[in-house]
Amino acid sequence: SAGIIVGVYVDDLIVTGESPSEITAFKQQMMGEFEMSDLGLLTYYLGIEVLQGTDGIAIKQAAYARKILTQFGMLDCNSTSIPIEHRSQLHKDAQGSTVDPTEYRRVIGCLRYLLHTRPDLSYAVGVVSRFMERPTVMHFKAVKQILRYLKGTINCGLMFSGGNGAVEITGFTDSDLAGDSDDRRSTSGMAFYFNGSLVSWSSQKQKTVALSSCEAEFMAATAAACHALWLRGLLIEMIGAEARPVKLYVDNKSAIALMKNPVFHGRSKHIDTRYHFIRECVESGKIQIEFVRTEEQRADALTKGLPAARLATARHLLGVRDFGP
């Protein structure tokens, strides 16, 4: 038997598995040991709403989003179609007048928790998080724009549809080039899917400055490769799946060439050796690198602010859906 999986957070438990009888036996065993109540099918967990239907399971945080908007006096604001301006030029703003840093950090803390179901906000929240030390009016305005975007997309979330057959992990990795105007570092984005359902993503500033887009994409892909191996290991442990290679989609041909063919030339010999780990993964067959056109790059919205029409497409591509009230 496949056994059962139990997710525990303090005194809240989620129990899942393929055999209903095993789940029932486990619950009865637990109730014999502890004082517990069975709340039936999962509908709400740590601020996340769970909608279980015949076509799959959807998760969203509409009630939590409403709570954030109410708390910061934005429930009746006008909505906007983008969370951050396209080619946004947010910087440290040393001359700007400061705002209350505690309030600023509070709103960002709330928005960070919202990212569990809203990958489309990852990049924007990541950018405004860079200014927590000395936030100014300019930064607070950017935070308000995120809240206005949230107002218009309050019922958005993620859908997990049942897979059939072998489980496959696919990943998308992307990077901008020198997007941060203060330290010229690039932002890496990655998104991973189990059989087409989005399960893991990240938007993070790179630790070193990249000198070319090839290098920025190469560094982003290495970080994604480490995450891919961890996900692959987790999947094997959870469901005993066979260790199949993870497909990683990259939209930069010169970065792909560098991953597949270890030729050290002027453009790559200065790259820190730890980034060459991805080559070992490709050579040992744990990771397969595939090319994807920029228009189909699902991690695009995790690395830059996009114009409204492109964001709507990118959001859908990423796997975010509007479930309505």
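In this report, the structure presented in the accompanying data block is examined. (Residues numbered from 1 in each chain as written. Predicted model: local features only at pLDDT ≥ 70, side-chain atom pairs only at ≥ 80, totals over all residues. Heavy atoms only, no water.)

One finds L111, L114, L121, V128, L147 and L150 to be the most contacted residues of the largest nonpolar core, which totals 36 residues. Among the secondary structure elements, those contributing two or more residues to this core are helix 2 (62-71), helix 3 (101-114), helix 4 (122-128), helix 5 (137-152) and helix 9 (308-318). Setting aside its immediate chain neighbours within four residues, L121 contacts P83, L114, L115, I146, Y149 and L150. The next biggest cluster of nonpolar side chains, apart from the first, holds 30 residues, and it includes A210, F218, A224 and A225. (Core = buried A, V, L, I, M, F, W, Y, C linked by side-chain atoms within 4.5 Å. Buried < 20%, exposed > 50% of the residue type's maximum accessible area, 1.4 Å probe, protein only. Helix = DSSP H or I, 4+ residues; strand = E, 2+ residues; numbered from the N terminus. Contact = heavy atoms within 4.5 Å.)

Burial of strand 7 (residues 169-175) is extensive: seven of the seven residues sit out of reach of the surface. What you see with strand 7 is no split at all: I169, G171, T173 and S175 on one side and T170, F172 and D174 on the other are buried throughout. The pairing of strand 7 with strand 8 (residues 187-194) spans seven bridges and is classified as antiparallel. The residue of strand 8 that forms the bridge with T170 is Y193. Bridging between strand 7 and strand 10 (residues 246-250) involves four bridges; their strand directions are parallel. When the bridges of strand 10 are listed, T173 appears paired with V250. (Pairing = 2+ DSSP bridges.)

Moving on to the environment of T102. Within the secondary structure layout, T102 lies in helix 3. Spatially, the C-alpha atoms of T102 and E133 are 9.9 Å apart, while their sequence positions differ by 31 residues.

Under the criterion given, the structure shown has three cavities of 30 Å³ or more. The volume enclosed by the largest cavity comes to roughly 100 Å³. For the lining of the largest cavity, the residue count by class is four nonpolar, four polar and three charged. Put simply, the second largest cavity is a space of about 80 Å³. The wall of the second largest cavity is formed by V167, E168, I169, R232, L235, I236, A241, E242, A243, R244, P245 and V246. When residues in the lining of the second largest cavity are grouped by element, the largest group, three residues, is from helix 6 (residues 213-239). Tallied by class, residues from the lining of the second largest cavity come to eight nonpolar, no polar and four charged. (1 Å grid on protein atoms, 1.4 Å probe; cavity = no way out; pocket = protein on both sides within 12 Å on 5 of 7 lines; lining within 4 Å. Points joined across faces, edges and corners; volume = space filled by probe spheres on them. Nonpolar A, V, L, I, M, F, W, Y, C, P; charged D, E, K, R; others polar.)

Turning to the sheet that holds strand 9 (residues 197-205), a few remarks are in order. Ordered by their spatial adjacency, five strands build an open sheet running 9-8-7-10-11, and the pairing between neighbours is mixed. The open sheet has two edge strands with one neighbour each: strand 9 and strand 11 (287-291). The sheet shows a mean angle of 20° between the axes of neighbouring strands, taken without regard to direction. (Axes fitted to C-alpha atoms, helices over the stretch in contact; angles between N-to-C directions.)

In this section: the environment of A257. Tracing the sequence through the fold places A257 in helix 7 (residues 253-260). With relative accessibility at 43%, the residue A257 sits in the partly exposed group.

Applying the stated criterion across every chain yields a total of 13 salt bridges. Linking K304 and D174 is a salt bridge whose minimum nitrogen-to-oxygen distance equals 3.4 Å. A residue pair is termed long-range when its members are at least 10 positions apart, and K304 in the loop between strand 11 and helix 9 and D174 in strand 7 qualify at 130 residues. Residue K304 is classed as partly exposed on the basis of its relative accessible area, which comes to 26%. Looking at D174, the relative accessible area reads 2%, which means it is buried. Among the salt bridges present, the one from K304 reaches D300, with a minimum N-O distance of 2.6 Å. A single salt-bridge network, built from bridges that share partners, covers R130, D180, D183, R185 and K205. (Salt bridge = Lys/Arg side-chain N within 4 Å of Asp/Glu carboxyl O.)

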